[in-house]
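Read off the chains here:
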Amino acid sequence: MSESKKNHKIGRIEHFTICLWMIVVLLVSGGCNSTDKDPIETSRVPPAVSEEGREAYISPFREVTGPVHTTYLIANPPIEVLTDKTESPEYREFNLAIKGLKDKSTEEKINQKILEHHISLKEMKIPPYRGIRRLIPEESTILNQDVSTQLIFSYDDIISVMSSVSRTYSTDASGLNTEYVDFRDSLTLDLHTGEEIQLSDLFLSDSDYLNTLNSLVSDYLSHQQATEEYGRDFGYITLTGPFTGLKEDQKFNLTENALMLIFDYDTPEFDTRNYPVTINIPYKDLEDILAIKERFYSEDSSIFENDTPREHILISNFQERIEGENSVTPIEGIDVHKEMRYPPDLSSSLKKKFLEFSELNIGEIKDVAEGEHQQFYYQESTAFSIGDYIIFSKMKNYHDGQFNFTQEYMTFKEDGTIVPLESLFRPDFDYKELIRKVLIGAIPRGVERSDEFVDQLMESLAFRLNRTDIHFASESIQSNQDERTPVTFAIPYKVIGIENLTIFSE
């Protein structure tokens, strides 16, 4: 061995020994000091490269771990939307910008991103749907085009805007053969920073959100029979191959009640026939991993010029599937119309209670059947969920010599226990005084308002929870000579005061 090679080998050994010694020192010193230092906060930094080979997304937003339970949204104050319109018979265009943030540099940043998003879709020559050039050859010309960007979600200090483009092409020289194409994309932005929000940012940092979404999408596709030639809904969505799961960069937008997933040319396993199609995932199915409020909303500081109180809105459970019946049955010589709808995932105990709630009143039907008056009887019953509650609603319309309208409600917790009205309010809040005042104002003109009569109506009140208010209905009263109707009214949550309600408690 030459002297230079021997020296090189010795140098490598010495270098290795020094490195090994430094590692040992670091490990020892780290172990000795670990009890004296606060634990290092874990970051939401994924691997440098994703499994698909794309550059991995590094979230700029704060980490959020469970538990969460998302049952309501907090509306942003009204944001002035400035719409730029260009209209012509062949080319229509609508773009928007927002106004109303205190930080004008962030507002400008957001509006610039919205504009760039809008232009990127507008200037796309042709969306790369599979096989589109067989339908729309290179020499095709655009007959008309609509470009639109709209604000579709404004809650919890974030917004979603949707940009869409629809075109009609002339595919030959005659101009008689045409093809229609549609494409869209959504942009979701944090109003604190102007940064774009990705799908993963909507969920708990430590949740397996893709697995949850994949299960829900698979269930939807199975119900839609998407592997069949046309699917359950003709022409809606079919699969060209097995569904292998969503990607991290899946297109989406937010709505008031559901996460909307968008499928188009970026998801070739979905045959969407040159149009985007959507699958709505109810927030109810995501309530224990959805972290929009925890990640983006800030209660301590307002970023808006408008400092009005923030409206709290209960999330309705968007339902793709509904069970029930719609029947016309001859009873006592008249055709009785009965309509009944309820979600298929209603618990067995609540379903039993709902069926009992929806039973027909044979005594009323017999009264309708007597005499020479107009005879009809219609009853509609529905069960739906909102927030953490299940609402039964029944409306009847019948004629027994005069027109009768009735409304009945029952409110339950998800475990099947009844919810009394007083449980909706804080113990120190005089809710009865507020309800009584609004009730008196809702009594039709010409009807007495004596204390005894008002007390009777108060005792008869039934209620249901809506997205933004509590709706009340009394027993039916004689509102005019030929008609009996309930006294109905609603009291918005913001009028009651969020601080006086228990339904928005964490």
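Observations concerning the packing of aromatic side chains
Okay, step 1: This structure, assessed with the given rule, holds 19 aromatic pairs.
Okay, step 2: In this arrangement the basic side chain of lysine 394 is found over the ring face of phenylalanine 357, its NZ or CZ atom lying 4.7 Å from the centre.

Topic: the nonpolar core
Okay, step 1: Residues Leu202, Phe203, Leu213, Leu221, Leu254 and Leu259 are the most contacted members of the largest nonpolar core, which totals 37 residues.
Okay, step 2: The set of elements that each furnish at least two residues to this core consists of strand S4 (141-155), helix H4 (209-224), strand S8 (252-254), strand S9 (258-263), strand S11 (277-282) and helix H5 (292-296).
Okay, step 3: When residues no more than four places from it in sequence are discounted, the contact partners of leucine 254 are Ile152, Phe153, Ile158, Ser160, Thr188, Leu202, Leu259, Tyr283 and Ile292.
Okay, step 4: Grouped together as the second largest cluster of nonpolar side chains are 35 residues, Ile74, Ile443, Tyr493 and Phe504 included.

A closer look at the confidence of the model for the protein chain
For any part of a model where pLDDT is low, the fine detail of the predicted coordinates should not be relied upon.
Okay, step 1: Looking at the protein chain as a whole, its pLDDT mean stands at 86, while 86% of the residues score no less than 70.
Okay, step 2: Put simply, helix H1 (residues 3-33) is where the protein chain has its lowest mean pLDDT, 38, and strand S18 (residues 462-465) is where it has its highest, 98.
Okay, step 3: Taken as a whole, residues 1-49 scores under 50 in pLDDT and shows 21 contacts with residues more than four places along the chain or in a different chain.
Okay, step 4: Scored below 50 in pLDDT, residues 226-235 makes 18 contacts in the model with residues more than four places away or belonging to other chains.

Some words on the sheet that holds S11
Okay, step 1: With antiparallel pairing, the 3 strands of this open sheet are ordered in space as S8-S9-S11. Single-partner strands in this sheet number two, and they are S8 and S11. Averaged over all neighbouring strand pairs, the angle between strand axes comes to 25°, with direction disregarded.
Okay, step 2: Where S8 and S9 come together, 3 bridges link them in antiparallel fashion. In the strand pairing of S9, leucine 254 is matched with leucine 259.

Basis of the calculations
- Residues numbered from 1 in each chain as written.
- Predicted model: local features only at pLDDT ≥ 70, side-chain atom pairs only at ≥ 80, totals over all residues.
- Heavy atoms only, no water.
- Phe/Tyr/Trp six-rings, centres within 6.5 Å; stacked < 30°, edge-to-face > 60°.
- Lys NZ or Arg CZ within 6 Å of the ring centre and 35° of its normal.
- Core = buried A, V, L, I, M, F, W, Y, C linked by side-chain atoms within 4.5 Å.
- Buried < 20%, exposed > 50% of the residue type's maximum accessible area, 1.4 Å probe, protein only.
- Helix = DSSP H or I, 4+ residues; strand = E, 2+ residues; numbered from the N terminus.
- Contact = heavy atoms within 4.5 Å.
- pLDDT = per-residue confidence, 0-100.
- Pairing = 2+ DSSP bridges.
- Axes fitted to C-alpha atoms, helices over the stretch in contact; angles between N-to-C directions.

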